[in-house]
Amino acid sequence: MVEINRGACTGCGQCISDCIANNLFLREGKAEVSGNCILCGHCVAVCPLNAVSIPEYDMEAVEEFDRESFSLNPEHFLHSVKFRRSIRNYKEKPVEKEKLERILEAGRYTPTAKNRQGTRFIVLEKELETFKNLLWDEVPELADRMKETAPPYAMLFKFMYRRRRKDPKDDPLFFNAPSVILVATDNPLDGGLAAANMENMAVAEGAGVLYSGYLQRIIEACPALKEWLGIPETSVACCMLLGYPAVTYRRTAPRKKADIEWR
């Protein structure tokens, strides 16, 4: 539950007016909690006197607002969005753990529907080779099962499997990325938003990402893989290959004209 420090609270009402759940009210000039809370933390963030806390959350990670450090140049941000590329060629260098932790923090702080915070992040590094072998072992049977329901995918996965068998260094699914991050959640939007923030953070750290829909489809279709990952009942919303790019892009790539309707 939200806790109010009545000694610090002045009854300004800012937390009350910003509470989406109508969980707060004034009593005797102080904010009080009623019990309908979704623990979104807005009351913590908006209180001018730091009189609100959520003890079950990580309060030590709460940061004070600093306009100077918060400033984000719009032109620089748009340039970053336009310059991002899907990386399929990685250096043989792992991303440092402290950088990975910051990338995951960007996912952790991404908004979730009704503030459920039900997104789980699985980072495969030490056990990545084991996972690769398990996944490739599943591909032939999966391709056979998909002959009737999704013949193009069946043909593609068989082709990838033959390539892999012919040359184990030829990695048409993992591209030799040193890390794979799986975003597991039953809300696809939560997973997509988290993945987007994580990619932006990865690029800021000098790394690059590939969103692999093929991996996501294979994992979702193979109960043995989900069991091994520890998420038998949870959907994989996104698979992210992550590492330092071994290719240098010198300019942004062209795109079609935007399809926008102003009304």
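Scroll up for the structure.
Right, let's walk through the structure included here. (Residues numbered from 1 in each chain as written. Predicted model: local features only at pLDDT ≥ 70, side-chain atom pairs only at ≥ 80, totals over all residues. Heavy atoms only, no water.)

Take the pattern of salt bridges next. Tallied over the full model, the rule gives 15 salt bridges. Between Glu199 and Arg84 there is a salt bridge, with its nearest N and O atoms 2.8 Å apart. Residue Glu199 is located in helix H8 (residues 188-204), and its partner Arg84 is located in the loop between helix H4 (74-83) and helix H5 (97-108); the two are separated by 115 residues in the primary sequence. Notably, a salt bridge pairs Glu96 with Lys99, separated by 3.9 Å at the nearest N-O pair. Residue classification places Glu96 among the partly exposed residues on the basis of a relative accessible area of 26%. (Salt bridge = Lys/Arg side-chain N within 4 Å of Asp/Glu carboxyl O. Helix = DSSP H or I, 4+ residues; strand = E, 2+ residues; numbered from the N terminus. Buried < 20%, exposed > 50% of the residue type's maximum accessible area, 1.4 Å probe, protein only.)

Among the nonpolar cores identified, the biggest contains 33 residues, and Leu135, Phe174, Ile218 and Ile219 are the most heavily contacted of them. Residue contributions to this core peak at eight residues, all from helix H6 (residues 128-149). In contact with Ile218, other than residues within four places in its own chain, are Leu135, Val139, Leu142, Phe157, Leu173 and Leu225. (Core = buried A, V, L, I, M, F, W, Y, C linked by side-chain atoms within 4.5 Å. Contact = heavy atoms within 4.5 Å.)

Across the sheet, four strands lie side by side as S5-S6-S8-S7; this open sheet has antiparallel pairing. Both outer strands of the open sheet, strand S5 (120-124) and strand S7 (208-211), are each paired with one neighbouring strand and no more. When strand polarity is set aside, the average angle formed by the axes of neighbouring strands in this sheet is 25 degrees. With respect to the sheet, H8 is in contact with S5, strand S6 (179-184), S7 and strand S8 (236-243), its orientation differing from that of S8 by roughly 10 degrees. (Pairing = 2+ DSSP bridges. Axes fitted to C-alpha atoms, helices over the stretch in contact; angles between N-to-C directions.)

Bringing the pairing of strand S2 (residues 24-27) into the picture now. When S2 meets strand S3 (residues 30-33), the two strands line up antiparallel, connected through four bridges. Looking at the pairing, Phe25 lines up with Glu32 of S3. The turn joining S2 and S3, which pair antiparallel and follow one another in sequence, is formed by two residues; a positive phi near 55 degrees is taken by Glu28.

This paragraph deals with the layout of surface pockets. Where empty space is left becomes clear once a probe the size of a water molecule has been rolled over the atoms. Taken as a whole, the largest pocket holds about 1900 Å³ of empty space. Every element with two or more residues in the lining of the largest pocket is listed here: helix H2 (42-46), helix H3 (67-70), H4, H5 and H8. No other element matches H8, which puts six residues into the lining of the largest pocket. Here the residues of the lining of the largest pocket sort into 20 nonpolar, 11 polar and 10 charged. Its volume calculated, the second largest pocket comes out at about 270 Å³. In this structure, the second largest pocket is lined by 16 residues; those nearest its centre are Phe83, Arg84, Arg85, Val203 and Pro245. Looking at the lining of the second largest pocket, the elements with two or more residues in it are H4, H8 and S7. Grouping the amino acids of the lining of the second largest pocket by side-chain chemistry returns eight nonpolar, five polar and three charged. (1 Å grid on protein atoms, 1.4 Å probe; cavity = no way out; pocket = protein on both sides within 12 Å on 5 of 7 lines; lining within 4 Å. Points joined across faces, edges and corners; volume = space filled by probe spheres on them. Nonpolar A, V, L, I, M, F, W, Y, C, P; charged D, E, K, R; others polar.)

So yeah, pure geometry; function would need other evidence.
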